Amino acid sequence: MIACILVPGFELQAALRSRPRLGLRPAALAPEPGTEPLLGPVTAAAEAAGVRPGMRLGEALALCPSIALVERDPHGVEEEWEGILKRLEDSGFAIESVEPGCLYFDTRGVERLYGGVKPALKRALASVGASWNASAGAADRRFAALAAAAIARPDQAVVVDDGRSKEFLAPLPLSLLPLEQPRREELGHLGVKKIGQLAGLPGSAVAERLGPDGRRAWSLARNEDTADAGLNDIQPGFNDTRVTARPPATDLAEWLEFPEAVANELTLRRALTALLDRILARPERGGREIRKVALSARLVGGGSWRRTATLREPSAERGVLRAALGPKLAELPAPVLSLGIELLTLAEAEGRQLALVRPEGEELETRLRDGLRQVRARAGAGAVATVVEVAPWSRIPEQRALLVPRD
Amino acid sequence: MLARLNEPQPALVEERFDGSPDRVNRQPVAAIREEWRVLDRWWTEEPISRRYFEVVLESGQNVVVFRDQEQGGWFSQRGA
């Protein structure tokens, strides 16, 4: 079975960790700088005042003038989420993190360890921690598991028996489906308000009216494989019944605290160089090159900032890393109190000999494998596939070749 | 998991009176380059009957679309 753990409004909850009192007042996560002024998740008190996530800031202020806007804290969110993932991994769960606040794991590996699906989910919720108000769900497919977790109360687990997912999904509201608001409203005007009503419509009519997203939502509503709807072009490697556990985290980070807030780019660039020197000298790296790296900063007046960079080729050269991360410093929205660097993914090889002759054989294979790992690090597991011709003579284009994942 | 290459993707197509496409994904069709039919698997319970059009949109983009004559609905497809 596939299990899903959901922490509602995780970004807001993480940002409120340092200001717990705000959690009891009407508060909402501030809009992202430079984007539409739409609110993020909101507290229960704000919801009681009529404020909804995704509402325009002006409308929310008109409804609830006392609402407090909580600054986004992407570094805090990553840190808290990583802590939850590590606690779950320590308890034996091989997890796939979708985004902060949502993760999946396969229960097959832990059912016997904890004596069944429900005890395993309870254990997972205990590992997450009661203070996060997390909920859990398990079903035969991802979407049904997500829906089960979405309707479960905080610290509760809902398990959908095998083969009963379609009946389970039928009475649930359309809001659980990944559909754009206008599409959902369009369906509402047609009298389609429940997942079961959408599932009862003919697939071709849904596709014609709502496009590929609608067709995918229809497949999810019917608890069917979304790959059948031809969605692999949109989401390569997406599989409803499989979880790809993340590789072990490297946990290598260095921070530099400034005596006072710094906004000068030259100083920040020097700080970056110092950080690179320190992290490249860490013995835990074991001489391995860096593939993916994150740069974080704590901002003056609260909040944080974070950017990640995937290198075109793994490298442990200070100049290459500085060139990749340096321009990101110009995107800092405010003076910083501290700057940090984190190595997210390391390459396997220790150093590389430059070629005098054109590489071939084993060397070429090694490079190809490394390149594929690079693509996976950037685009996610299942993103690399081989085209295998099965019926090249067929008059039906989709029957000529298959995409075989190279995981 | 295995997936098929060049699966048909649902397309928004407005038809002319003769059944040929007039607009594809809200873009006007500038010219129809070719038209053909594919009839296959008529001996099975899932026969295939498609009317294909290779069209040039006003943006200059070349697209292949077909109407599924069995189940209805328009689809775009690469590799056709």
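It should be emphasised that the depicted structure is a prediction, and the values quoted were computed from it without experimental measurement.

Reading the values: the criteria
Residues numbered from 1 in each chain as written. Chains lettered and ligands numbered in written order. Predicted model: local features only at pLDDT ≥ 70, side-chain atom pairs only at ≥ 80, totals over all residues. Helix = DSSP H or I, 4+ residues; strand = E, 2+ residues; numbered from the N terminus. Contact = placed C-beta atoms within 7 Å. Buried ≥ 20, exposed ≤ 12 C-beta atoms within 10 Å, placed from the backbone. Pairing = 2+ DSSP bridges. Nonpolar A, V, L, I, M, F, W, Y, C, P; charged D, E, K, R; others polar. Axes fitted to C-alpha atoms, helices over the stretch in contact; angles between N-to-C directions. Parallel < 35°, antiparallel > 145°, perpendicular 65-115°, else oblique. Left-handed = near helix turned anticlockwise from the far one by under 90°. pLDDT = per-residue confidence, 0-100. Core = buried A, V, L, I, M, F, W, Y, C linked by C-beta atoms within 7 Å.

S.K.: Could you give an account of the overall build of chain B, naming the residues involved and the relevant values?
M.R.: Within chain B, the secondary structure is distributed over zero helices and eight strands. Residue pairs in contact within chain B that sit at least 24 positions apart in sequence constitute 35% of those at least 6 positions apart.

S.K.: Any chance you could break down the overall build of chain A for me, citing the residues and the numbers?
M.R.: Per the secondary structure count, chain A includes 14 helices and 13 strands. Here chain A holds 407 residues, and 36% of them are scored as buried. Residue pairs in contact within chain A that sit at least 24 positions apart in sequence constitute 58% of those at least 6 positions apart.

S.K.: Residues and numbers for the pairing of strand β13 (residues 401-405) of chain A, please.
M.R.: Here strand β12 (residues 385-389) of chain A pairs with β13(A) via five bridges, running antiparallel. Across the sheet, residue V388(A) finds its bridge partner in β13(A), namely L402(A). Examined bridge by bridge, β13(A) and strand β1 (residues 3-4) of chain B share two bridges and lie antiparallel to one another. Among the inter-strand pairings, L403(A) is bridged to a residue of β1(B), identified as A3(B).

S.K.: Requested: an account of the interface of chain A and chain B, with residues and values cited.
M.R.: On the chain B side, the residues contacting the 22 residues of chain A number 22 residues. Those elements that place two or more of their residues in the side of chain A that touches chain B are α11 (203-221) and β13 of chain A. The biggest single contributor to the side of chain A that touches chain B is α11(A), with six residues. Here the side of chain A that touches chain B is built from residues that sort into eleven nonpolar, five polar and six charged.

S.K.: Any details on the packing of helix α4 (residues 74-90) of chain A against helix α6 (residues 117-128) of chain A? Residues and values, ideally.
M.R.: Residue and element names in this part refer to chain A. For the pair α4 and α6, the least separation of the axes is 8 Å and the interaxial angle reads 140°. As the angle between them shows, α4 and α6 are arranged oblique. The element α4 and its partner α6 pack so that their crossing is right-handed. Mapping the contact onto sequence places I84, R87 and L88 in α4 and A124, S127 and V128 in α6.

S.K.: Before we move on, could you go through the sheet that holds strand β9 (residues 290-299) of chain A and cite the residues and values that matter?
M.R.: Backbone-to-backbone hydrogen bonds pair the strands of a sheet. The strands run either parallel or antiparallel. Residues and elements named next belong to chain A. Across the sheet, which stays open at both edges, the four strands sit in the order β8-β11-β9-β10 with antiparallel pairing between neighbours. Every other strand in the sheet has two partners, leaving β8 (252-262) and β10 (304-315) as the edge strands with one partner each. Between one strand axis and the next, the sheet turns through 15° on average, direction left out of account. In terms of strand pairing, β9 meets strand β11 (residues 336-346) through nine bridges, oriented antiparallel. Residue L295 lies in a different strand from β11, and its bridge partner there is I341. Its contacts with the sheet place helix α12 (residues 265-280) against β8 and β11, and it is angled at close to 155° to β8. Relative to β10, helix α13 (residues 318-325) is tilted by about 135°, and along the sheet it contacts β9 and β10.

S.K.: Summarise the sheet that holds strand β3 (residues 13-15) of chain B; cite the residues concerned and give the values.
M.R.: Residues and elements named next belong to chain B. Ordered by their spatial adjacency, seven strands build an open sheet running β2-β8-β7-β6-β5-β4-β3, and the pairing between neighbours is antiparallel. Whereas interior strands pair on both sides, the edge strands pair on one side only; in this sheet they are β2 (9-10) and β3. Relative to strand β6 (residues 48-57), strand β5 (residues 27-40) is paired through ten bridges, and the arrangement is antiparallel. If you follow E34 over to β6, its bridge partner there is E54.

S.K.: Kindly report on the environment of Y52(B), identifying the contributing residues and their values.
M.R.: All names here are of chain B. One can find Y52 in strand β6. Owing to 17 C-beta atoms within 10 Å, Y52 belongs among the partly exposed residues under this scheme. Once the C-alpha coordinates of Y52 and E34 are considered, the two residues, 18 residues apart in sequence, prove to be 8.2 Å apart.

S.K.: Can you explain the confidence of the model for chain A? Please cite residues and give values.
M.R.: Here chain A averages 84 in pLDDT, while 93% of its residues score no lower than 70. Segment residues 228-237 of chain A: pLDDT under 50, and 24 contacts once partners within four positions in sequence are set aside and those in other chains are kept.

S.K.: Describe unusual backbone geometry, and please don't skip the residues or the numbers.
M.R.: Residue and element names in this part refer to chain B. Residues other than glycine seldom take positive phi values, yet N6 does so here, at roughly 60°. By the element assignment, N6 lies in the loop between β1 and β2. In the Ramachandran plot, R41 falls in the positive-phi region, its phi being about 50° despite a non-glycine side chain. Here R41 is to be found in the loop between β5 and β6. Using a count of 13 C-beta atoms within 10 Å as the deciding quantity, one classes R41 as partly exposed.

S.K.: Lay out the nonpolar core with the relevant residues and their values.
M.R.: Counting residues in each nonpolar core, the largest one holds 72 residues, and the members touching the most others are A3(A), A136(A), A138(A) and A145(A). Beyond its immediate stretch of four places on either side in the chain, A136(A) contacts A3(A), C4(A), I5(A), L121(A), A124(A), L125(A), A149(A), A152(A) and A157(A).

S.K.: Give me the lowdown on helix α7 (residues 142-151) of chain A, citing residues and values where you can.
M.R.: Residue and element names in this part refer to chain A. Counting buried positions along α7 gives eight out of ten residues, so the element sits mostly inside the fold. All of the buried residues in α7 are R142, F143, A144, A145, L146, A147, A148 and A149. Looking at the buried residues of α7, the elements they touch are β1 (2-6), β5 (102-106), β6 (135-139), β7 (157-159), α8 (165-169) and α11.

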